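Below are the chains, spelled out letter by letter.
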Amino acid sequence: AQKITQTQPGMFVQEKEAVTLDCTYDTSDPSYGLFWYKQPSSGEMIFLIYQGSYDQQNATEGRYSLNFQKARKSANLVISASQLGDSAMYFCAMRDITGNQFYFGTGTSLTVIP
Amino acid sequence: DAGITQSPRHKVTETGTPVTLRCHQTENHRYMYWYRQDPGHGLRLIHYSYGVKDTDKGEVSDGYSVSRSKTEDFLLTLESATSSQTSVYFCAISRDPQGAGSNEQFFGPGTRLTVL
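Draft legend 1. Main features of the overall build of chain A. Each helix and strand in chain A was counted, giving zero helices and 12 strands. Put simply, chain A runs from its N terminus to its C terminus through helices and strands in the order β-β-β-β-β-β-β-β-β-β-β-β. For 114 residues, the compact-globule estimate of 2.2 N^0.38 gives 13 Å, and the C-alpha radius of gyration of chain A, at 14 Å, lies within 12% of that figure. On the principal axes, the C-alpha backbone points of chain A span a range of 45 × 25 × 20 Å. Here chain A, with 114 residues, has 52% of them falling under the buried criterion. The contacts in chain A between residues at least 6 apart in sequence include a share of 54% that link residues at least 24 apart. Approximately 5,300 Å² of chain A is accessible, and the part contributed by carbon and sulfur atoms is 50%. One way to put it: in chain A the 8 positive side-chain charges average out to a point 3 Å from where the 10 negative ones average out.

Take a look at the structure:
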């Protein structure tokens, strides 16, 4: 069975500091996709970054980067230079080899402290 | 922003009544999804559709049915609502996923359903 684990229910970071949000996954598929989404208190889901299982380079999107360690089955999100607007829930997700099924973790609540 | 709307945005209903939630998109994407979000569980896939009249089950499909008669509309029906179906329901769309490819999902604003 596919599974996404986010072990940090809540995290705090000082403004302008970097923070790493952990995500591990479990799959036997040879090909899969990993995603991070942000959910602010307003409730919408915002796509942040994608990493394909065959991608050699770690994905980056502005201040977001994904630390992909395939052998460890981890896909941690790194947010650099945290801003107050980064305070939100963050969800790690995995798309299976068929492309049809998505599995989400339980989320990490990030609070940025001024 | 992707053109996805959900209706209603809020609904309170009683146990045993039928409920239908609607997702409407203006992006002409083939794939549409229904999720529920509950504390401690993240988002869980209920059903998805890969075209008109083509649907399949997700992780938590029991008690739910779906229909897609037009590309732009994906309906989620609770035939006889139960209190355990109290949740926030999200619709999502994506371009063809091309296997485990990078086509991300775009989410609607959500529907908060309370079953008393």
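Further notes follow.
Draft legend 2. Seen up close, the side chain of Gln6 of chain B. Residues and elements named next belong to chain B. By the secondary structure assignment, Gln6 is in strand S1 (residues 4-7). Using a relative accessible area of 6% as the deciding quantity, one classes Gln6 as buried. Reaching out from Gln6, the side chain makes a polar contact with the backbone oxygen of Tyr89 at a distance of 3.0 Å. Looking at Gln6, its side chain comes within polar contact range of the side chain of Thr111, at 3.4 Å.

Draft legend 3. Spotlight on the packing of aromatic side chains. Residue and element names in this part refer to chain A. Across all of its chains, the model carries 19 aromatic pairs over all chains by this definition. Between Phe35 and Phe102, the ring centres sit 5.3 Å apart and the planes meet at 45°, which makes this aromatic pair tilted. Of this pair, Phe35 sits in strand S5 (residues 33-39) while Phe102 is found in strand S11 (residues 102-104), placing the two residues 67 residues apart along the sequence. Like Phe102, Phe35 is buried. Across from the ring centre of Tyr64, 5.7 Å away, lies the NZ or CZ of Arg63, which sits over that ring. Lying across the ring of Tyr54, Lys70 places its NZ or CZ 4.6 Å from the centre.

Draft legend 4. Structural context of the pattern of salt bridges. All names here are of chain B. Counted according to the given criterion, the structure contains six salt bridges over all chains. Of the charged contacts in the structure, one is a salt bridge between Arg22 and Asp73, with a shortest N-O distance of 3.1 Å. Linking Arg22 in strand S3 (residues 19-25) with Asp73 in strand S8 (residues 73-78), this pair joins segments that are 51 residues apart in sequence. With a relative accessible area of 8%, Asp73 lands in the buried category.

Draft legend 5. Structural view of the sheet that holds S8 of chain B. All names here are of chain B. Pairing within the open sheet is antiparallel, and its four strands lie in the order S1-S3-S8-S7. What marks the edges here is a single partner per strand, and that holds for S1 and strand S7 (65-70). Each strand of the sheet is rotated relative to its neighbour by a mean of 20°, with strand direction disregarded. Here six bridges tie S3 to S8, and the two strands are oriented antiparallel to one another.

Draft legend 6. Looking closely at the state of the cysteines. Residues and elements named next belong to chain A. Applying the stated criterion across every chain yields a total of two disulfides over all chains. The disulfide partner of Cys23 is Cys92, and the S-S distance across this bridge is 2.0 Å. Between Cys23 and Cys92, the S-S torsion sits near -65°, and that sign places the bridge as left-handed. With Cys23 in the loop between strand S3 (19-21) and strand S4 (24-26) and Cys92 in strand S10 (residues 88-95), this pair connects stretches of sequence that are 69 residues apart.

Draft legend 7. How the structure looks around the interface of chain A and chain B. Contacts between the two partners involve 23 residues from chain A, matched on the other side by 24 residues from chain B. Across the chain A to chain B interface the summed buried area is about 1,800 Å²; carbon plus sulfur atoms make up 55%. Joining chain A to chain B, the criterion identifies six residue pairs in polar contact (both at pLDDT 80 or more). Elements with a minimum of two residues in the side of chain A that touches chain B: S5, strand S6 (46-52), S10 and S11 of chain A. Considering each element in turn, the side of chain A that touches chain B owes the most residues, four residues, to S5 of chain A. For the side of chain A that touches chain B, the class distribution of residues is 11 nonpolar, 10 polar and two charged.

Draft legend 8. Quick look at the side chain of Ser74 of chain A. Structurally, the position occupied by Ser74 of chain A is in strand S9 (residues 74-79). In this structure, Ser74 of chain A is in contact with Cys23, Thr24, Tyr25, Asn67, Phe68 and Gln69 of chain A, ignoring residues within four places of it in sequence.

Thresholds, definitions, all that
Residues numbered from 1 in each chain as written. Chains lettered and ligands numbered in written order. Predicted model: local features only at pLDDT ≥ 70, side-chain atom pairs only at ≥ 80, totals over all residues. Heavy atoms only, no water. Helix = DSSP H or I, 4+ residues; strand = E, 2+ residues; numbered from the N terminus. Rg over C-alpha atoms; globule rule 2.2 N^0.38 Å. Buried < 20%, exposed > 50% of the residue type's maximum accessible area, 1.4 Å probe, protein only. Contact = heavy atoms within 4.5 Å. Areas by Shrake-Rupley, 256 points an atom, 1.4 Å probe, with all protein chains shown as cover. Lys, Arg positive; Asp, Glu negative; His and termini not counted. Charge placed at Lys NZ, Arg CZ, Asp CG, Glu CD. Polar contact = N/O pair within 3.5 Å; in protein donor to acceptor, adjacent residues only side chain to side chain. Phe/Tyr/Trp six-rings, centres within 6.5 Å; stacked < 30°, edge-to-face > 60°. Lys NZ or Arg CZ within 6 Å of the ring centre and 35° of its normal. Salt bridge = Lys/Arg side-chain N within 4 Å of Asp/Glu carboxyl O. Pairing = 2+ DSSP bridges. Axes fitted to C-alpha atoms, helices over the stretch in contact; angles between N-to-C directions. Disulfide = S-S within 2.5 Å. Buried area = accessible area lost by both parts, 1.4 Å probe. Nonpolar A, V, L, I, M, F, W, Y, C, P; charged D, E, K, R; others polar.

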